Protein chains: 2
Amino acid sequence: MTSPIKGYDYGASSLAQSPLELRDLQLLKQTLLWSEVDEQALKLAGEVLENQTDDVLDLWYGYVGSNTHLLRYFAHNEVPNPDYLAAVRKRFGLWIMDLCNRPYDQDWLDYQYEIALRHHSTKKNLTDGVQAEPMIHFRYIVAFIFPITYTIKGFLAKKGHSIDQVEVMYSAWFKAVTLTALLWCQPYVNTGEF
Amino acid sequence: MTSPIKGYDYGASSLAQSPLELRDLQLLKQTLLWSEVDEQALKLAGEVLENQTDDVLDLWYGYVGSNTHLLRYFAHNEVPNPDYLAAVRKRFGLWIMDLCNRPYDQDWLDYQYEIALRHHSTKKNLTDGVQAEPMIHFRYIVAFIFPITYTIKGFLAKKGHSIDQVEVMYSAWFKAVTLTALLWCQPYVNTGEF
Ligand code: HEM
Ligand code: HEM
């Protein structure tokens, strides 16, 4: 598969299959109180965020950049790698759109697993061929659910939707971020305990 | 330590020490954009929730009870154990108050670790001396961040506080739930990766 963004391998046949099946995904969605309303709200969020992804990423990168304990994961011997940051940023922008627009099917599950491996020592740094911290520590993957959720609300409110519509988009986003973050934990978890 | 609620061992000297130190906690709070405002908002949330914990627990238990894939963790051979459910419920009520009112110090960290072990196979079922599923699967611990956060908002709004005050309490609660849930993941994570 060729792709204009380096390392963005969504749907590629080379990807490993996620250890989770659609049946597992279904139960997770049920746990997250997922409904039709969320599907529609994410579609709408996708429209609202489409031309704002750069602003969102400026905010998120500002946050990572101002926290040395986070920036270190993009660094080697404490020197951040700007090429690495830039390469990941492009894929991060696509992730925002994918979270809103893609059907959550086996291809989606498989790419979540690939992203999981890219945060974990299994595949970190390989996609961009860089030398950097060998793994992102687990604790911050789950912790990020808060900032990645909370900071989106302002952007969801920027296109003139009602307070209620913004709230519905916001909680669908919260569910979707929680779901992806937990899927990304998979490689970190003891065998049989996920 | 004697305690009126069976198995509630907050501060007990018999508890194992958390593998995390206050320095780790500090960095996690920073990642969660934690501030003085959150401390105050949690105190206020504690006042607001104090005489509503039974209603909150009715809602949460209703949710678990109507999802067989969750209720099974309170069950043996698919038969839920009402004594087990009732015993845990009492400690769950105290957790709501502790989350709002306790200082997040080493004692707090140590009890989070104890609760982690009680969800994990290490100590599940021991506190109440029951036969039930040997472990809660990891995926649902993180997934619960959504329902445990989202459903609290209605209760925070019930005591006549302004919309802004409710929002501030709600995001402090979101941070606190994310923090505890990630601490509870500790026993599930591969050595050295937490
Ligand atoms: C909810 C939590 C997180 C989200 C939504 C997120 C999002 C993303 C996305 C979309 C990518 C690109 C995936 C791809 O290759 O297509 C990525 C990669 C990356 N993220 Fe995260 N991330 C999260 C947690 C973290 C944390 C806590 C850190 C630590 C600072 C971090 C640092 C990185 C790094 C260094 C890469 C590049 C990995 C590689 O070498 O391929 N991420 N992240
Ligand atoms: C954010 C996620 C969660 C929160 C806030 C939470 C809260 C609690 C609390 C406060 C306790 C009592 C702790 C004590 O002994 O003092 C507890 C125990 C328990 N929880 Fe959770 N819980 C979470 C996830 C789950 C999940 C996903 C399940 C699955 C249905 C579950 C089922 C249980 C069970 C069975 C116990 C009793 C464990 C034992 O045998 O001691 N919990 N939980």
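None of these values were measured; they are calculated from a predicted model. (Residues numbered from 1 in each chain as written. Chains lettered and ligands numbered in written order. Predicted model: local features only at pLDDT ≥ 70, side-chain atom pairs only at ≥ 80, totals over all residues. Heavy atoms only, no water.)

### Details of the coordination of the iron atom of ligand 2
Alright, step 1. Of the protein atoms, H119(B) (NE2) alone serves as a donor to the iron atom of ligand 2, at 2.2 Å.
Alright, step 2. Structurally, the position occupied by H119(B) is in helix α6 (residues 106–119). (Donors = N, O, S within 2.8 Å, 3.2 Å for Na, K, Ca; no water. Helix = DSSP H or I, 4+ residues; strand = E, 2+ residues; numbered from the N terminus.)

### Overview of the relation of the copies chain A and chain B
Alright, step 1. Between chain A and chain B, which share one sequence, the superposing operator has a rotation angle of 180° and an axial displacement of 0.0 Å; the RMSD is 0.0 Å. Taken together, the rotation and translation describe the operation of a two-fold axis. By C-alpha distance to the rotation axis, the residue of chain A lying nearest is V189(A), at 2.2 Å.
Alright, step 2. When you check the interface residues of chain A against chain B, 100% turn up at the interface there too, and the contact is symmetric in its surfaces. (Least-squares fit on C-alpha atoms with pLDDT ≥ 70 in both. Contact = heavy atoms within 4.5 Å.)

### A word on the site of ligand 1
All names here are of chain A.
Alright, step 1. Close contacts around ligand 1 come from 19 residues, with Y84, R91, Y111, R118 and H119 the closest.
Alright, step 2. R91 is positioned with one of its side-chain polar atoms (N or O) 2.6 Å from an oxygen atom of ligand 1.
Alright, step 3. H119 places a polar side-chain atom, nitrogen or oxygen, 2.9 Å from a nitrogen atom of ligand 1.
Alright, step 4. When contributions to the shell around ligand 1 are tallied by element, the ones reaching two or more residues are α5 (82–101), α6 (106–119) and α7 (138–143).
Alright, step 5. A total of five residues in the shell around ligand 1 trace back to one element, the largest contributor, which is α5.
Alright, step 6. Each residue belonging to the shell around ligand 1 can be placed in one class, and the counts come to 14 nonpolar, two polar and three charged. (Near = heavy atom within 4 Å. Polar contact = N/O pair within 3.5 Å; in protein donor to acceptor, adjacent residues only side chain to side chain. Nonpolar A, V, L, I, M, F, W, Y, C, P; charged D, E, K, R; others polar.)

### Concerning the interface of chain A and chain B
Accessible area lost during the coming together of the parts is what is often quoted as the interface size.
Alright, step 1. The interface of chain A with chain B comprises 43 residues on the first partner and 43 residues on the second.
Alright, step 2. Taken as a group, T31(A), R139(A) and F146(A) account for 19% of the area that chain A buries against chain B, more than any other trio of residues on that side.
Alright, step 3. Put simply, chain A and chain B have four salt bridges between them.
Alright, step 4. Sorting the residues of the side of chain A that touches chain B by element identifies α1 (22–31), α4 (68–71), α7, α8 (145–150) and α10 (163–184) of chain A as the ones contributing at least two each.
Alright, step 5. Counting residues per element, the side of chain A that touches chain B draws most heavily on α10(A), which supplies seven residues.
Alright, step 6. Class assignment of the residues belonging to the side of chain A that touches chain B gives a composition of 25 nonpolar, 12 polar and six charged. (Buried area = accessible area lost by both parts, 1.4 Å probe. Salt bridge = Lys/Arg side-chain N within 4 Å of Asp/Glu carboxyl O.)

### Some remarks on the pattern of salt bridges
Alright, step 1. This model, assessed by the stated rule, comprises 28 salt bridges over all chains.
Alright, step 2. Close ionic contact of D24(A) with R139(B) constitutes a salt bridge, the shortest N to O distance being 3.2 Å. With D24(A) in helix α1 and R139(B) in helix α7 (residues 138–143), the pair connects residues from two separate chains.
Alright, step 3. Residue E114(B) pairs with R118(B) through a salt bridge whose shortest N-O separation is 2.8 Å. Placement of the pair is E114(B) and R118(B) together in helix α6, with a separation of four residues, close to one helical turn.
Alright, step 4. The exposure class of E114(B) is buried, given its relative accessible area of 4%.
Alright, step 5. Taking the relative accessible area as the measure of exposure, R118(B) reaches 12% and is therefore buried.
Alright, step 6. What emerges from the salt-bridge pattern is a single network uniting D9(A), E114(A), R118(A) and K123(A). (Buried < 20%, exposed > 50% of the residue type's maximum accessible area, 1.4 Å probe, protein only.)

### Here's the deal with the side chain of R91(B)
Alright, step 1. You can see R91(B) is positioned in helix α5 (residues 82–101).
Alright, step 2. For R91(B), a relative accessible area of 12% corresponds to the buried category.

### Re the site of ligand 2
All names here are of chain B.
Alright, step 1. Close to ligand 2 lie 19 residues; Y84, R91, Y111, R118 and H119 are nearest.
Alright, step 2. The side chain of Y111 places a nitrogen or oxygen atom 2.7 Å from an oxygen atom of ligand 2.
Alright, step 3. Elements represented by at least two residues in the shell around ligand 2 include exactly α5, α6 and α7.
Alright, step 4. With five residues, α5 is the single largest residue contributor to the shell around ligand 2.
Alright, step 5. Along the lines of polarity and charge, the residues of the shell around ligand 2 split into 14 nonpolar, two polar and three charged.

### Looking at the packing of aromatic side chains
Alright, step 1. Overall, the coordinates contain 36 aromatic pairs over all chains when judged by the stated rule.
Alright, step 2. Between F92(B) and W95(B), the aromatic rings sit 5.6 Å apart at their centres with planes inclined by 85°, giving edge-to-face as the arrangement. Of this pair, F92(B) and W95(B) are both found in helix α5, three residues apart, which corresponds to roughly one turn of the helix.
Alright, step 3. Taken together, F138(A), Y188(A), F194(A), F138(B), Y188(B) and F194(B) form an aromatic cluster joined through their ring pairs. (Phe/Tyr/Trp six-rings, centres within 6.5 Å; stacked < 30°, edge-to-face > 60°.)

### Remarks on the UniProt feature "domain: Globin-sensor" (unreviewed entry) in chain A
Alright, step 1. Residues given the UniProt feature "domain: Globin-sensor" (unreviewed entry) here are residues 24–193 of chain A.
Alright, step 2. With 65% helix and 2% strand, the stretch residues 24–193 of chain A has end C-alpha atoms that lie 14 Å from each other. (UniProt positions renumbered as here; feature names shortened; annotations may be inferred.)

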